[in-house]
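Chain by chain, the residues run as shown.
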Amino acid sequence: MADGVLQDKVVLVNGAGRGIGAEIAKLAAREGAKVVVNDLGAAVDGKSDADIGPAQQVVADIEAEGGEAVVNGGNVAKFDEAGAMVQQAIDMYGDINIVVNNAGILRDRMLFSMSEDDWDAVIGVHLKGTFGPSQHAATYWREKAKAGEDVYGRIINTASPSGIYGNVGQTNYGAAKAGIAAFSIIAAQELVKYGVTVNCLAPTAWSRMT
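Residues numbered from 1 in each chain as written. Predicted model: local features only at pLDDT ≥ 70, side-chain atom pairs only at ≥ 80, totals over all residues. Heavy atoms only, no water.

Novice: Give a detailed account of the overall build of the protein chain, specifying residues and quantitative values.
Specialist: Assigned secondary structure in the protein chain consists of five helices and six strands. The helix and strand sequence of the protein chain, counted from the amino end, reads β-α-β-α-β-α-β-α-β-α-β. Here the C-alpha radius of gyration of the protein chain, 17 Å, is about what a compact globule of 210 residues would show, namely 17 Å. Projected onto the principal axes, the alpha-carbon positions of the protein chain cover approximately 50 × 40 × 30 Å. Here the contacts in the protein chain between residues at least 6 apart in sequence split such that 69% fall between residues at least 24 apart. Put simply, the protein chain shows about 10100 Å² of open surface, and 54% of that area lies on carbon and sulfur atoms. Distance from the positive charge centre (17 side chains) to the negative charge centre (25 side chains) of the protein chain: 4 Å. (Helix = DSSP H or I, 4+ residues; strand = E, 2+ residues; numbered from the N terminus. Rg over C-alpha atoms; globule rule 2.2 N^0.38 Å. Contact = heavy atoms within 4.5 Å. Areas by Shrake-Rupley, 256 points an atom, 1.4 Å probe, with all protein chains shown as cover. Lys, Arg positive; Asp, Glu negative; His and termini not counted. Charge placed at Lys NZ, Arg CZ, Asp CG, Glu CD.)

Below is the structure:
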């Protein structure tokens, strides 16, 4: 591949087995990045058994175009596994520069029909799943900065119009996405002194989630 804007950067994309996340991972690789492709491989509602097949396919697609990528099948909602995917990037490629938090599930229910598990699962994957990789990467970047090393750190989070304007049947999803937007604003204020930026997108798209 020709040198791109992300040449030699190391990028972790979670929720990268399908849809928007897969396209982000492929684009990052086309721009020269080395990519950790994370995806648990569960169904849209998060209930099925894990299957790393989709993430493996994205890695195969990247490699077929001459890029570098590796699979991670961790669960972003589990703090230790979120840390492991960040560490995998560092161990494999010597650094981590960009974290794209994109993993998500849906459990759409009207409020009076929503179970505690429907709430916890969606908040866990979206909101805690944004916190975990971000926290581990931020800790790494802060330590580098304190040691006098140059830091190139970027966090890109995925919110949704459901968290801005609301959408019937999505109190759990909308609350998580609004939380991600607030998380991004505050994290940006906290990390700017270390040379790290935090941004948040609210894409509208036809995808596996819609």
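Novice: Can you explain the packing of aromatic side chains? Please cite residues and give values.
Specialist: Applying the stated criterion across every chain yields a total of one aromatic pair. For the ring pair Phe79 and Phe131, a centre distance of 5.6 Å and an interplane angle of 15° mean the geometry is stacked. In this pair, Phe79 is assigned in helix H3 (residues 79–93) and Phe131 in helix H4 (residues 116–146), connecting sequence segments 52 residues apart. Positioned above the aromatic ring of Tyr152 is the side chain of Lys9, whose terminal nitrogen or guanidinium carbon lies 4.6 Å from the ring centre. (Phe/Tyr/Trp six-rings, centres within 6.5 Å; stacked < 30°, edge-to-face > 60°. Lys NZ or Arg CZ within 6 Å of the ring centre and 35° of its normal.)

Novice: Give me the sheet that holds strand E2 (residues 34–38): which residues, what numbers.
Specialist: Across the sheet, which stays open at both edges, the six strands sit in the order E3-E2-E1-E4-E5-E6 with parallel pairing between neighbours. Edge positions in the sheet fall to strand E3 (68–72) and strand E6 (196–201), since each of these pairs with one other strand and no more. Averaged over all adjacent pairs, the angle separating strand axes in this sheet is 15°, with direction ignored. Here strand E1 (residues 10–14) pairs with E2 via five bridges, running parallel. Across the sheet, Leu12 pairs through a bridge with Val36, a residue of E2. The sheet contacts of helix H2 (residues 53–64) involve E2 and E3, and relative to E3 the element is tilted by about 175°. (Pairing = 2+ DSSP bridges. Axes fitted to C-alpha atoms, helices over the stretch in contact; angles between N-to-C directions.)

Novice: Which residues make up a nonpolar patch on the surface, and what are the values?
Specialist: On the surface, Met110, Phe112 and Val168 cluster together into a nonpolar patch covering about 370 Å² of accessible area. Mapping Val168 onto the fold places it in the loop between strand E5 (153–158) and helix H5 (171–191). On the basis of relative accessible area, Val168 is assigned to the exposed category, the value being 68%. (Patch = residues over 30% accessible without salt bridge, like charges linked within 9 Å, V, L, I, M, F, W, Y side chains within 5 Å. Salt bridge = Lys/Arg side-chain N within 4 Å of Asp/Glu carboxyl O. Buried < 20%, exposed > 50% of the residue type's maximum accessible area, 1.4 Å probe, protein only.)

Novice: Quick rundown of the pairing of E1? Include the residues and the values.
Specialist: Taking burial as the measure, the five residues of E1 include five buried ones, the bulk of the element. Residue alternation in E1 divides its side chains into two sets, Val10, Leu12 and Asn14 and Val11 and Val13, and both sets are buried. As judged from the four bridges shared by E1 and strand E4 (residues 98–101), these two strands associate in the parallel manner. Counted as the bridge partner of Val11 is Ile98 from E4.

Novice: A description of unusual backbone geometry should follow, citing residues and the corresponding values.
Specialist: For Asp8, which is not glycine, the phi torsion reads 70° and is therefore positive. Turning to its location among the elements, Asp8 is positioned in the segment before E1.

Novice: Describe the packing of H4 against H5, and please don't skip the residues or the numbers.
Specialist: Two numbers describe how H4 lies on H5: the axes approach to 8 Å, and their chain directions differ by 15°. One element, H4, and the other, H5, form an angle in the roughly parallel class. Considering how the two elements wind past one another, H4 and H5 form a crossing that is right-handed. On the side of H4, the interface is formed by Asp118, Trp119, Val122, Ile123, His126, Leu127, Thr130, Phe131, Ser134 and Ala138, while H5 contributes Thr171, Asn172, Tyr173, Ala175, Ala176, Lys177, Gly179, Ile180, Phe183 and Leu191. (Parallel < 35°, antiparallel > 145°, perpendicular 65-115°, else oblique. Left-handed = near helix turned anticlockwise from the far one by under 90°.)

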